[in-house]
Amino acid sequence: MCMGSKEPNFAGNASPCRSCTLAIPSTWSVTDAKSGERMLMGACATCSLVQQMDLPSEEALHIYYAHHYRQDYKSTFQPRLKHVRRAGLAALQRLDRMAAVNVLGQGQRLLDIGAGGGEFCFMAQQQGFEVQGIEPNHGYSEFAREQYGIEVITAGMADVPAQSADVVTMFHVLEHLAHPQQVAEKIWHILRPGGLWVIEVPNILQTDASPHNIYFKAHLFYYSRHSLGAATSRFFDVGHLHDDGNLFAVLARRSEPLNQMLLPTAEDLQHARRQLAAKGWWQYLTVGGGWRKPAQRVRRLLQERQIPEVRARELLQNLHDTRKAHSPRP
(Lines give C-alpha, C1' and ligand atoms only; values in the text may rest on other atoms or scores of the structure.)
Protein backbone atom coordinates (compact mmCIF):
# COMPACT_ATOMS: atom_id res chain seq x y z
CA MET A 1 0.00 0.00 0.00
CA CYS A 2 1.50 3.32 -0.99
CA MET A 3 1.23 5.98 1.72
CA GLY A 4 1.17 8.74 -0.87
CA SER A 5 1.11 12.33 0.36
CA LYS A 6 0.39 11.24 3.93
CA GLU A 7 3.83 9.71 4.23
CA PRO A 8 6.50 11.66 6.18
CA ASN A 9 9.21 13.29 4.12
CA PHE A 10 12.17 10.96 4.48
CA ALA A 11 14.44 12.94 2.18
CA GLY A 12 17.52 14.55 3.66
CA ASN A 13 21.13 14.02 4.55
CA ALA A 14 22.32 10.62 5.77
CA SER A 15 22.44 10.51 9.57
CA PRO A 16 25.13 9.34 11.96
CA CYS A 17 24.10 6.76 14.57
CA ARG A 18 21.24 8.27 16.57
CA SER A 19 22.22 6.22 19.63
CA CYS A 20 25.99 6.62 20.08
CA THR A 21 26.33 9.53 17.56
CA LEU A 22 29.32 7.97 15.75
CA ALA A 23 29.63 7.50 11.99
CA ILE A 24 27.91 4.54 10.33
CA PRO A 25 30.36 2.76 7.99
CA SER A 26 28.06 0.05 6.60
CA THR A 27 24.96 0.69 4.47
CA TRP A 28 22.71 -1.36 2.18
CA SER A 29 19.45 -1.03 0.28
CA VAL A 30 16.18 -2.73 1.33
CA THR A 31 12.52 -2.71 0.28
CA ASP A 32 9.77 -1.24 2.44
CA ALA A 33 7.40 -4.13 3.21
CA LYS A 34 4.34 -1.88 2.86
CA SER A 35 5.02 0.36 -0.13
CA GLY A 36 7.74 -1.55 -2.00
CA GLU A 37 9.93 1.56 -2.08
CA ARG A 38 13.68 1.35 -1.66
CA MET A 39 15.30 2.51 1.59
CA LEU A 40 18.92 2.94 2.62
CA MET A 41 19.81 1.23 5.91
CA GLY A 42 22.94 1.51 8.03
CA ALA A 43 24.51 -0.58 10.80
CA CYS A 44 26.57 1.11 13.51
CA ALA A 45 29.91 -0.61 14.10
CA THR A 46 30.12 0.80 17.66
CA CYS A 47 26.72 0.04 19.25
CA SER A 48 25.24 -2.27 16.53
CA LEU A 49 22.07 -0.20 16.05
CA VAL A 50 20.49 -0.59 12.60
CA GLN A 51 18.71 2.52 11.35
CA GLN A 52 17.33 4.26 8.32
CA MET A 53 19.93 6.60 6.88
CA ASP A 54 17.46 9.28 5.74
CA LEU A 55 15.37 10.14 8.77
CA PRO A 56 12.21 12.30 8.77
CA SER A 57 11.87 15.60 10.60
CA GLU A 58 10.25 15.79 14.04
CA GLU A 59 7.32 17.74 12.60
CA ALA A 60 6.70 15.15 9.89
CA LEU A 61 6.73 12.35 12.45
CA HIS A 62 4.31 14.16 14.75
CA ILE A 63 1.78 14.76 11.97
CA TYR A 64 2.08 11.22 10.63
CA TYR A 65 1.55 9.41 13.94
CA ALA A 66 -1.22 11.75 15.09
CA HIS A 67 -3.32 11.37 11.96
CA HIS A 68 -2.21 8.65 9.53
CA TYR A 69 -0.08 5.84 10.98
CA ARG A 70 -2.85 3.66 12.41
CA GLN A 71 -4.94 3.95 9.26
CA ASP A 72 -1.97 3.16 7.02
CA TYR A 73 -1.01 0.04 8.98
CA LYS A 74 -4.45 -1.16 10.10
CA SER A 75 -6.53 0.32 7.24
CA THR A 76 -8.97 1.74 9.79
CA PHE A 77 -9.40 4.91 11.84
CA GLN A 78 -10.39 2.88 14.92
CA PRO A 79 -9.66 -0.78 15.73
CA ARG A 80 -11.97 -3.52 14.49
CA LEU A 81 -12.91 -6.44 16.72
CA LYS A 82 -10.19 -8.64 15.21
CA HIS A 83 -7.63 -5.98 16.16
CA VAL A 84 -9.11 -5.79 19.67
CA ARG A 85 -8.79 -9.57 20.03
CA ARG A 86 -5.19 -9.60 18.79
CA ALA A 87 -4.23 -6.73 21.10
CA GLY A 88 -6.02 -8.36 24.03
CA LEU A 89 -4.21 -11.68 23.59
CA ALA A 90 -0.88 -9.86 23.23
CA ALA A 91 -1.64 -7.87 26.40
CA LEU A 92 -2.27 -11.05 28.40
CA GLN A 93 1.01 -12.55 27.19
CA ARG A 94 2.92 -9.40 28.12
CA LEU A 95 1.34 -9.27 31.57
CA ASP A 96 2.29 -12.94 32.09
CA ARG A 97 5.91 -12.10 31.23
CA MET A 98 5.85 -9.14 33.59
CA ALA A 99 4.39 -11.24 36.40
CA ALA A 100 7.07 -13.90 35.84
CA VAL A 101 9.72 -11.33 36.85
CA ASN A 102 7.60 -9.87 39.68
CA VAL A 103 6.28 -6.78 37.90
CA LEU A 104 2.92 -6.93 39.64
CA GLY A 105 0.00 -4.56 39.81
CA GLN A 106 -0.80 -4.14 43.47
CA GLY A 107 -0.41 -0.45 44.32
CA GLN A 108 1.56 0.28 41.14
CA ARG A 109 0.81 3.20 38.84
CA LEU A 110 1.39 2.15 35.23
CA LEU A 111 1.73 4.45 32.23
CA ASP A 112 1.37 2.83 28.79
CA ILE A 113 3.02 4.98 26.11
CA GLY A 114 1.62 4.36 22.63
CA ALA A 115 -1.50 2.84 24.16
CA GLY A 116 -3.28 2.27 20.83
CA GLY A 117 -6.90 1.32 21.41
CA GLY A 118 -6.36 0.85 25.15
CA GLU A 119 -6.44 -2.96 25.28
CA PHE A 120 -3.26 -3.34 27.34
CA CYS A 121 -4.45 -0.64 29.76
CA PHE A 122 -7.74 -2.50 30.21
CA MET A 123 -6.03 -5.83 30.88
CA ALA A 124 -3.46 -4.24 33.22
CA GLN A 125 -6.28 -2.65 35.19
CA GLN A 126 -7.83 -6.10 35.63
CA GLN A 127 -4.47 -7.20 37.11
CA GLY A 128 -4.53 -4.49 39.76
CA PHE A 129 -2.51 -1.70 38.15
CA GLU A 130 -3.66 1.90 38.38
CA VAL A 131 -3.43 2.73 34.68
CA GLN A 132 -3.12 5.66 32.35
CA GLY A 133 -2.24 5.66 28.66
CA ILE A 134 -1.00 8.19 26.14
CA GLU A 135 -1.60 7.73 22.43
CA PRO A 136 -0.93 10.34 19.71
CA ASN A 137 -3.53 8.97 17.27
CA HIS A 138 -6.89 10.68 17.71
CA GLY A 139 -9.11 7.81 16.55
CA TYR A 140 -7.48 5.13 18.70
CA SER A 141 -7.24 7.22 21.87
CA GLU A 142 -10.90 8.21 21.53
CA PHE A 143 -11.82 4.55 21.06
CA ALA A 144 -10.01 3.63 24.30
CA ARG A 145 -11.87 6.25 26.30
CA GLU A 146 -15.28 5.44 24.84
CA GLN A 147 -15.05 1.63 24.86
CA TYR A 148 -13.18 0.96 28.10
CA GLY A 149 -13.57 4.11 30.20
CA ILE A 150 -9.78 4.17 30.46
CA GLU A 151 -7.81 7.40 30.80
CA VAL A 152 -5.94 7.39 27.49
CA ILE A 153 -4.82 10.91 26.67
CA THR A 154 -4.28 12.09 23.12
CA ALA A 155 -0.74 13.32 23.67
CA GLY A 156 2.95 12.55 23.48
CA MET A 157 5.64 11.93 26.08
CA ALA A 158 6.52 15.60 26.43
CA ASP A 159 3.22 16.15 28.27
CA VAL A 160 3.90 13.57 31.02
CA PRO A 161 5.01 14.99 34.42
CA ALA A 162 8.13 13.80 36.24
CA GLN A 163 7.97 10.94 38.78
CA SER A 164 4.35 10.15 37.91
CA ALA A 165 4.61 6.36 37.35
CA ASP A 166 6.05 3.24 38.95
CA VAL A 167 5.99 1.28 35.69
CA VAL A 168 6.19 2.59 32.12
CA THR A 169 5.31 0.23 29.28
CA MET A 170 6.13 0.78 25.59
CA PHE A 171 5.14 -1.96 23.17
CA HIS A 172 6.34 -1.51 19.58
CA VAL A 173 6.86 2.21 20.08
CA LEU A 174 10.59 2.80 20.60
CA GLU A 175 11.47 1.85 17.02
CA HIS A 176 9.30 4.76 15.82
CA LEU A 177 10.93 7.46 17.98
CA ALA A 178 13.69 9.53 16.45
CA HIS A 179 16.05 10.02 19.43
CA PRO A 180 16.56 6.87 21.55
CA GLN A 181 18.81 8.52 24.16
CA GLN A 182 16.35 11.38 24.68
CA VAL A 183 13.51 8.88 25.05
CA ALA A 184 15.45 6.95 27.72
CA GLU A 185 16.16 10.19 29.59
CA LYS A 186 12.49 11.23 29.47
CA ILE A 187 11.34 7.83 30.78
CA TRP A 188 13.94 8.11 33.58
CA HIS A 189 12.32 11.38 34.64
CA ILE A 190 8.76 10.01 34.35
CA LEU A 191 9.52 7.06 36.62
CA ARG A 192 9.73 7.25 40.39
CA PRO A 193 12.87 5.94 42.16
CA GLY A 194 12.95 2.16 41.80
CA GLY A 195 10.68 2.30 38.75
CA LEU A 196 10.67 -0.12 35.83
CA TRP A 197 10.53 0.41 32.07
CA VAL A 198 9.00 -2.51 30.15
CA ILE A 199 9.79 -2.49 26.42
CA GLU A 200 8.88 -4.70 23.48
CA VAL A 201 10.35 -3.98 20.04
CA PRO A 202 10.98 -5.99 16.87
CA ASN A 203 14.27 -7.89 17.08
CA ILE A 204 16.42 -7.34 13.99
CA LEU A 205 18.27 -10.59 14.77
CA GLN A 206 15.21 -12.80 15.26
CA THR A 207 15.07 -15.83 12.98
CA ASP A 208 11.28 -16.12 12.62
CA ALA A 209 10.64 -12.86 10.71
CA SER A 210 9.89 -13.30 7.02
CA PRO A 211 12.49 -11.58 4.78
CA HIS A 212 9.52 -9.88 3.08
CA ASN A 213 8.30 -8.42 6.40
CA ILE A 214 11.29 -6.83 8.13
CA TYR A 215 11.80 -3.25 6.97
CA PHE A 216 9.18 -0.47 7.18
CA LYS A 217 9.53 3.26 6.66
CA ALA A 218 7.63 3.83 9.89
CA HIS A 219 10.35 1.90 11.75
CA LEU A 220 13.27 4.29 12.09
CA PHE A 221 15.44 1.87 14.10
CA TYR A 222 15.96 -1.89 14.31
CA TYR A 223 17.18 -3.09 17.69
CA SER A 224 19.02 -6.17 18.88
CA ARG A 225 19.61 -7.08 22.53
CA HIS A 226 23.03 -5.39 22.19
CA SER A 227 21.88 -2.07 20.73
CA LEU A 228 18.81 -1.83 22.99
CA GLY A 229 20.95 -2.33 26.08
CA ALA A 230 23.43 0.29 24.86
CA ALA A 231 20.78 2.87 23.91
CA THR A 232 19.17 2.74 27.36
CA SER A 233 22.28 2.07 29.46
CA ARG A 234 22.93 5.58 30.80
CA PHE A 235 19.57 5.64 32.55
CA PHE A 236 18.60 1.98 32.99
CA ASP A 237 20.04 -1.38 33.93
CA VAL A 238 18.75 -4.47 32.11
CA GLY A 239 16.94 -6.58 34.68
CA HIS A 240 15.40 -9.09 32.26
CA LEU A 241 15.64 -9.54 28.51
CA HIS A 242 13.89 -12.11 26.31
CA ASP A 243 14.98 -12.24 22.65
CA ASP A 244 13.40 -15.42 21.28
CA GLY A 245 11.31 -13.54 18.74
CA ASN A 246 10.59 -9.91 19.61
CA LEU A 247 12.80 -8.24 22.20
CA PHE A 248 11.03 -8.03 25.56
CA ALA A 249 12.99 -6.18 28.24
CA VAL A 250 12.37 -5.06 31.81
CA LEU A 251 14.75 -2.21 32.61
CA ALA A 252 15.42 -0.90 36.12
CA ARG A 253 15.77 2.86 36.66
CA ARG A 254 19.25 3.85 37.80
CA SER A 255 19.36 6.06 40.90
CA GLU A 256 21.57 8.46 38.92
CA PRO A 257 22.37 8.48 35.18
CA LEU A 258 25.79 7.32 34.02
CA ASN A 259 28.11 9.83 32.37
CA GLN A 260 28.55 7.59 29.32
CA MET A 261 26.57 4.82 27.64
CA LEU A 262 27.74 1.23 28.02
CA LEU A 263 28.72 -0.14 24.62
CA PRO A 264 28.52 -3.76 23.46
CA THR A 265 31.67 -5.87 23.69
CA ALA A 266 33.66 -6.83 20.60
CA GLU A 267 32.18 -10.34 20.89
CA ASP A 268 28.64 -8.89 21.00
CA LEU A 269 29.29 -6.78 17.92
CA GLN A 270 30.71 -9.75 16.04
CA HIS A 271 27.69 -11.85 17.01
CA ALA A 272 25.30 -9.15 15.77
CA ARG A 273 27.15 -8.88 12.44
CA ARG A 274 27.05 -12.66 11.91
CA GLN A 275 23.36 -12.89 12.73
CA LEU A 276 22.48 -9.97 10.48
CA ALA A 277 24.47 -11.47 7.60
CA ALA A 278 22.73 -14.83 8.06
CA LYS A 279 19.20 -13.44 7.69
CA GLY A 280 17.38 -14.82 4.67
CA TRP A 281 14.85 -17.33 3.47
CA TRP A 282 16.84 -20.42 4.47
CA GLN A 283 17.25 -19.29 8.07
CA TYR A 284 13.62 -18.17 8.25
CA LEU A 285 12.17 -21.42 6.91
CA THR A 286 14.43 -23.77 8.93
CA VAL A 287 15.76 -22.22 12.14
CA GLY A 288 12.89 -19.75 12.40
CA GLY A 289 10.16 -22.29 11.65
CA GLY A 290 8.74 -20.14 8.87
CA TRP A 291 7.32 -23.19 7.12
CA ARG A 292 4.69 -23.33 9.89
CA LYS A 293 3.51 -19.74 9.45
CA PRO A 294 0.87 -20.28 6.69
CA ALA A 295 -1.00 -22.82 8.82
CA GLN A 296 -0.80 -20.50 11.83
CA ARG A 297 -2.23 -17.62 9.81
CA VAL A 298 -5.10 -19.75 8.53
CA ARG A 299 -5.89 -20.89 12.08
CA ARG A 300 -5.95 -17.29 13.32
CA LEU A 301 -8.21 -16.17 10.46
CA LEU A 302 -10.66 -18.98 11.20
CA GLN A 303 -10.71 -18.01 14.88
CA GLU A 304 -11.31 -14.36 14.02
CA ARG A 305 -14.25 -15.26 11.80
CA GLN A 306 -15.93 -16.67 14.91
CA ILE A 307 -15.61 -13.47 16.96
CA PRO A 308 -19.11 -12.65 18.26
CA GLU A 309 -20.64 -9.25 17.53
CA VAL A 310 -20.14 -7.76 20.97
CA ARG A 311 -18.72 -4.52 22.31
CA ALA A 312 -14.96 -4.33 22.55
CA ARG A 313 -15.06 -4.21 26.36
CA GLU A 314 -17.06 -7.44 26.53
CA LEU A 315 -14.67 -9.16 24.13
CA LEU A 316 -11.66 -8.21 26.26
CA GLN A 317 -13.41 -9.19 29.48
CA ASN A 318 -14.21 -12.61 28.02
CA LEU A 319 -10.55 -13.09 26.99
CA HIS A 320 -9.40 -12.12 30.48
CA ASP A 321 -11.91 -14.34 32.26
CA THR A 322 -11.12 -17.31 30.01
CA ARG A 323 -7.38 -16.96 30.64
CA LYS A 324 -7.98 -16.61 34.40
CA ALA A 325 -10.18 -19.72 34.47
CA HIS A 326 -7.46 -21.78 32.77
CA SER A 327 -4.53 -20.41 34.80
CA PRO A 328 -2.94 -22.78 37.34
CA ARG A 329 -4.34 -22.36 40.81
CA PRO A 330 -1.89 -21.14 43.49
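Residues numbered from 1 in each chain as written. Predicted model: local features only at pLDDT ≥ 70, side-chain atom pairs only at ≥ 80, totals over all residues. Heavy atoms only, no water.

Chemist: Quick rundown of the pairing of strand β5 (residues 130-134)? Include the residues and the values.
Modeler: Burial of β5 is extensive: 4 of the 5 residues sit out of reach of the surface. As defined by bridge partners, strand β4 (residues 109-113) adjoins β5 across 5 bridges and the pair is classed as parallel. Note that in β5 the partner of arginine 109 across the bridge is glutamate 130. Direction of pairing for β5 relative to strand β6 (residues 152-153): parallel, over a ladder of 2 bridges. Bridge assignment links glycine 133 to a residue of β6, and that residue is valine 152. (Buried < 20%, exposed > 50% of the residue type's maximum accessible area, 1.4 Å probe, protein only. Helix = DSSP H or I, 4+ residues; strand = E, 2+ residues; numbered from the N terminus. Pairing = 2+ DSSP bridges.)

Chemist: Lay out the nonpolar core in plain terms, naming residues and giving numbers.
Modeler: Of all hydrophobic cores here, the largest spans 42 residues; its most connected members are Ile113, Val168, Met170, Ile187, Trp197 and Tyr223. Contributing elements (two or more residues each) for this core: β4, β7 (165-171), α6 (180-190), β8 (191-201), α7 (225-232), β10 (236-242) and β11 (247-253). Sorting elements by how many residues they give to this core places α6 first, with 5 residues. Those residues in contact with isoleucine 113 that sit more than four places away from it in its chain are Ile134, Met157, Val168, Thr169, Met170, Phe171, Val173, Ile187 and Ile190. Phe129, Val152, Phe248 and Ala312 belong to the second-largest nonpolar core, a separate cluster that totals 30 residues. (Core = buried A, V, L, I, M, F, W, Y, C linked by side-chain atoms within 4.5 Å. Contact = heavy atoms within 4.5 Å.)

Chemist: Describe in detail the pairing of β11, supporting the description with residues and values.
Modeler: Among the 7 residues that make up β11, 6 are buried, leaving the element largely enclosed by the rest of the structure. In terms of strand pairing, β8 meets β11 through 6 bridges, oriented antiparallel. Its bridge partner lying in β11, tryptophan 197 is registered against leucine 251. Of the pairings in the sheet, the one linking β10 to β11 comprises 6 bridges and is antiparallel in character.

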